[in-house]
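One letter stands for each residue in the lines below.
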Amino acid sequence: MGLACVVLFASLALAASQSVTAIPVLGYHQIDAPDNSWFSLPLSNFTQQMDAVVSLGYTTISPEQYVAWLNGNSAGLPAKPILITFDDGIANAYPATDVLVARNLRAVMYAVSGFANNPDGFFSDWDQLTLMKSRGWYFQMHAGALGHYTMNYSCYTFYSCRIGSETAAEYETRITNDIVNGQQELFEHNLISGPSITYALPFDDWGQYRSDTVVTTVLPAVLRNRFSVIFNQDYGYQPGSNRRYRFEIHSDTTMAMFLTGLTDSRFGNPNAPTPYTTVPFSTTLPPTTTTTTTAPYTAIPVLLYHQMNSASIYSVTTALFTQHMARLAALGYSTITPQQYVQWLQGNTAGLPARPIMITFDDNIANANAATAVL
């Protein structure tokens, strides 16, 4: 091939990437779920959809390429880029891997560290997530140890509700700690090499279904200070400079709906988002270059338990509690006292271990004594 041809092809590729005016973003959860969940679809449907993606000339890109495009940098973009994402790290998403690999496609998994820490057969453990990365998956942040768990029936998400009489500062600290610790765990398992730059908020719940202005003010501020892009689905979509639309695929998504969804006008990039240089709440990013536990840690997780080995929703088994504590020990955490925690909040870190944590139980229930031997 002559030099002129090389230059011509390079020029055509550059022109194609510079003409990208929209990037579809697809969202999935499960494949072949045994309960036929609305968030799942048959592997055959997923295969047909990926065949359509390929036949239409799309090429998958990374989260970093997507954010670069939003900021006006199209260097290296294919002519028809697409971002394929999955949420939650559910084990039955793994069969999508063979379909993707066979078509030279890659997807992003928005992982929940709490689910990986407590695999129950439904969620992937760290080993399976690591295997997925080795087979081409990208990883980004979805929630930390607590951020995707059910709290109660009036508010089923961790990030979008204040607990009890939490002040705005206490609420901000709680959700910030969960995000920081979740990213730290993804980093320590080599699933990300630095802070996650994109984010998918669990249930797309910004607090818009309730009337708590603290949540609707604090949560967006915390998230926009940490993530360049926050993906929204139809049922929670709220336009904003760093909020981007994601087409979520469900069991009732027909091929006609899928093909139409690929051309949704909300995938366009009207303007590069303005960087957020000031926000009303102070936050810090987790370490991005080392896994050492000797440097001062910037957040202290606080865990809450109630009972052991009862049928209550507030109870855990000794076996599960043992797994929790073993994982904390493996990650290098050391427990601290309430006094140390309060001193840390006031800026006094004297005597704190490298990775402090506070483990709490409520109500003085007798069966909680089973935790003593584990601790």
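In case you missed it, the structure is sitting above this.
Reading the values: rules and limits
- Residues numbered from 1 in each chain as written.
- Predicted model: local features only at pLDDT ≥ 70, side-chain atom pairs only at ≥ 80, totals over all residues.
- Heavy atoms only, no water.
- Core = buried A, V, L, I, M, F, W, Y, C linked by side-chain atoms within 4.5 Å.
- Buried < 20%, exposed > 50% of the residue type's maximum accessible area, 1.4 Å probe, protein only.
- Contact = heavy atoms within 4.5 Å.
- Phe/Tyr/Trp six-rings, centres within 6.5 Å; stacked < 30°, edge-to-face > 60°.
- Helix = DSSP H or I, 4+ residues; strand = E, 2+ residues; numbered from the N terminus.
- Lys NZ or Arg CZ within 6 Å of the ring centre and 35° of its normal.
- Arc of directions from axis to C-beta.
- Pairing = 2+ DSSP bridges.
- Salt bridge = Lys/Arg side-chain N within 4 Å of Asp/Glu carboxyl O.
- Polar contact = N/O pair within 3.5 Å; in protein donor to acceptor, adjacent residues only side chain to side chain.

Engineer: Please clarify how the nonpolar core should be interpreted in this entry.
Structural biologist: General note: in soluble globular proteins, nonpolar side chains tend to be found buried as a group. Judged by nonpolar contacts, the single largest core of 75 residues is most densely connected at Leu26, Tyr28, Phe46, Met50, Tyr66, Phe86 and Tyr159. With residues up to four places along the chain from it excluded, the contact list for Leu26 reads Met50, Val53, Ile82, Leu83, Ile84, Thr85, Arg246, Phe247, Phe258 and Leu262. Among the nonpolar cores identified, the runner-up in size contains ten residues, and Leu303, Met325, Ile357 and Ala371 belong to it.

Engineer: Sorry, what's going on with the packing of aromatic side chains here?
Structural biologist: When we look at a pair of aromatic rings, we describe it by the centre distance and by the angle of the planes. Scanning the model with the defined rule gives 16 aromatic pairs in all. Arranged with centres 5.8 Å apart and planes meeting at 50°, the rings of Tyr66 and Trp69 form a pair that is tilted. Linking Tyr66 with Trp69, this pair stays in helix α3 (residues 63-70), spanning three residues, or about one helical turn. Here the two residues Tyr66 and Trp69 agree in accessibility, since each one is buried. A centroid spacing of 3.7 Å and a plane angle of 20° characterise the contact between Phe115 and Phe123, whose relative ring orientation is stacked. For the pair formed by Phe115 and Phe123, the shared burial category is buried. Taken together, the ring pairs connect Tyr28, Phe46, Phe86 and Trp137 into an aromatic cluster. For the cation-ring pair, Lys80 lies above Tyr58, with the distance from its terminal atom to the ring centre recorded as 4.4 Å. Sitting over the face of the ring of Trp206, Arg243 holds its NZ or CZ atom 3.6 Å from the ring centroid.

Engineer: What should I look at first to understand α3 in this one?
Structural biologist: The α-helix winds at 3.6 residues per turn, so residues separated by three or four positions along the chain end up facing the same way. Within the sequence span of α3, burial applies to Pro63, Tyr66, Val67, Trp69 and Leu70. Buried residues of α3 fall within an arc of 155° about the axis and therefore sit on the same side. In the segment just after α3, Gly72 is the residue with positive phi, at about 90°.

Engineer: Which parts of the structure should I look at to understand the sheet that holds strand β12 (residues 302-305)?
Structural biologist: Backbone hydrogen bonds are what pair the strands of a sheet, in a parallel or an antiparallel way. Taken together, the three strands give an open sheet; going across it, the order is β12-β16-β15, and neighbouring strands pair in parallel fashion. In this open sheet, the two edge strands, each paired with only one partner strand, are β12 and β15 (334-335).

Engineer: Explanation requested: the pattern of salt bridges in the structure shown.
Structural biologist: Considering all chains together, one arrives at six salt bridges under this definition. Note that Arg135 and Asp98 form a salt bridge whose closest N and O atoms lie 2.8 Å from each other. Linking Arg135 in the loop between α6 (126-134) and β7 (138-143) with Asp98 in helix α4 (residues 96-102), this pair joins segments that are 37 residues apart in sequence. Accessibility expressed as a relative area gives 30% for Arg135, which makes it partly exposed. Among the salt bridges present, the one from Arg174 reaches Glu166, with a minimum N-O distance of 2.7 Å. Like Glu166, Arg174 is buried.

Engineer: Would you mind going over the side chain of Asn117 with me for this structure?
Structural biologist: Topologically, Asn117 is positioned in helix α5 (residues 113-117). Judged by relative accessible area, Asn117 falls into the buried class, the value being 14%. Within the structure, the side chain of Asn117 is placed 2.9 Å from the side chain of Trp126, a separation counted as a polar contact.

Engineer: It is not clear to me how the environment of Ser134 should be interpreted in this structure. Could you clarify?
Structural biologist: Within the secondary structure layout, Ser134 lies in helix α6. Ser134 sits 57 residues away from Leu191 along the chain, and the two C-alpha atoms are 9.6 Å apart.

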